[in-house]
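For reference, the chains in residue letters:
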Amino acid sequence: MMSGNLPTFEHIVTDVTESFLWRVDDYPWERNVWNYHPEIEIHLLRHASGMAFVGDYIGEFQPGYLTVIGRNLPHDWVTATAPGEVIEGRDIVIQFDPDRIRNITAMLPEFTQLEEFFSRAERGLVFYGRTLADGIALVEGMGEVKGFARLSMFVQLLELLSGTQDYEILSSPEFAPKLNAETLDVLQRALIYIFENAANDIHLAEVADLAGMSETAFSRFFKKNTGNSFTDHVNKLRIWQACKLLAETDMPITEICFEVGYLNISNFNRTFLLHHKMTPSAYRRLTGQRRPSRA
């Protein structure tokens, strides 16, 4: 479940003996919200699947999902959990101030090659292939060392991620939200409500009322600050849940349609095809090897 806490600007404190932060997070915890910060974040999702929200990007993540999030780019990683459930060590998070690196380039000019990487990261990056495997090994390995050894691995990680072509850009270049506490408070309440009620017959009017806006004003507000229309956002959440049910259960497709919030099978099939370029039945066949064969 998404946390019910209202978001705040995330203030990141690095130990005085370190030039960057490395930590392991359980899920959920108080900072699992739609948040942003001036530090660049390298984020490894280790032990769960769910939905990634990066700027105006919404997509599924699986264990072993490695991303770089640029400064001031809103992001959140949501895993559906049962009440009271805690996923221990779901995340490893590395956060650093790129200006600290820029400040040493006069003495160590090799670090100037990272500038293009920092620019790419402003839209969010996800890695795959050999880079992903090597990146995970470095991120995990940093937890076993301290001091200069950890710094050395951090530099290796920056070299790896900045020099590879094994990445995809997540958020669109048009995404430019208005970042302030009031906007994020309203947006987080709306996102929580939508996430918790997407499987119901949810309407724009009720979410706009929650936000204290007219439907027209809220529609513009939501599009500007998430990059997606209200309808697109709801559909992406519903299709994500449908994919989980198709891959992990034997539930008939017609029942899945109603379970995730669609009122008729034709609308469900049309929306699924739009998002995945295949029918729900084809998706189930492709993912069938992930679970025991149906009787």
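Residues numbered from 1 in each chain as written. Predicted model: local features only at pLDDT ≥ 70, side-chain atom pairs only at ≥ 80, totals over all residues. Heavy atoms only, no water.

(A) Here's a closer look at the environment of Pro109. Tracing the backbone shows Pro109 in the loop between α1 (98–102) and α2 (115–121). Through-space distance from the C-alpha of Pro109 to that of Met251 is 58 Å; in sequence the pair is 142 residues apart. (Helix = DSSP H or I, 4+ residues; strand = E, 2+ residues; numbered from the N terminus.)

(B) Region of the structure containing the sheet that holds strand β2 (residues 40–45). Strand order in the open sheet formed by six strands is β1-β7-β2-β5-β8-β9, with antiparallel pairing between adjacent strands. Lying at the two open borders of the sheet, with one neighbouring strand each, are β1 (21–27) and β9 (167–169). Averaged over all pairs of adjacent strands, the angle between strand axes in this sheet comes to 20 degrees, irrespective of strand direction. Looking at chain direction, β2 and strand β5 (residues 65–69) are connected through five bridges and run antiparallel. Its bridge partner being in β5, Leu44 is matched across the sheet by Leu66. (Pairing = 2+ DSSP bridges. Axes fitted to C-alpha atoms, helices over the stretch in contact; angles between N-to-C directions.)

(C) Geometry of the pairing of β5. The buried fraction of β5 amounts to five of the five residues, a majority that puts the element mostly inside the structure. Pairing of β5 with strand β8 (residues 125–127), which is carried by two bridges, proceeds in the antiparallel orientation. Its bridge partner being in β8, Thr67 is matched across the sheet by Val126. (Buried < 20%, exposed > 50% of the residue type's maximum accessible area, 1.4 Å probe, protein only.)

(D) Summary view of the pairing of strand β6 (residues 75–78). Of the two faces of β6, both are covered, the one formed by His75 and Trp77 as well as the one formed by Asp76 and Val78. Two strands pair when backbone bridges link them, and strand β3 (residues 50–54) and β6 are joined in this way by four bridges, in the antiparallel orientation. Directly across from Phe53, in β6, lies its bridge partner Asp76.

(E) Summary view of the confidence of the model for the chain. On average, residues of the chain score 87 in pLDDT, and 91% of them reach the 70 mark or higher. Per-element confidence in the chain is highest for helix α3 (residues 129–141), whose mean pLDDT is 98, and lowest for helix α5 (residues 181–197), whose mean pLDDT is 85. A low-confidence stretch, residues 1–9 stays under pLDDT 50, and its non-local contacts, those more than four residues away or across chains, total 33 contacts. Ignoring residues within four places in sequence, the model shows residues 289–295, a span with pLDDT below 50, making nine contacts including any to other chains. (pLDDT = per-residue confidence, 0-100. Contact = heavy atoms within 4.5 Å.)

(F) Inspection of the packing of aromatic side chains at higher detail. Within this structure, the stated rule accounts for 14 aromatic pairs. With 5.2 Å between their ring centres and 75 degrees between their planes, Phe96 and Phe154 make a pair best called edge-to-face. Highlighted residues: Phe96 in strand β7 (residues 87–96) and Phe154 in helix α4 (residues 147–163), separated in sequence by 58 residues. On the basis of relative accessibility, which here comes to 5%, the residue Phe154 falls in the buried class. Ring pairing ties together the aromatic residues Phe20, Phe96, Phe117, Phe118 and Phe154, which thus form one cluster. (Phe/Tyr/Trp six-rings, centres within 6.5 Å; stacked < 30°, edge-to-face > 60°.)

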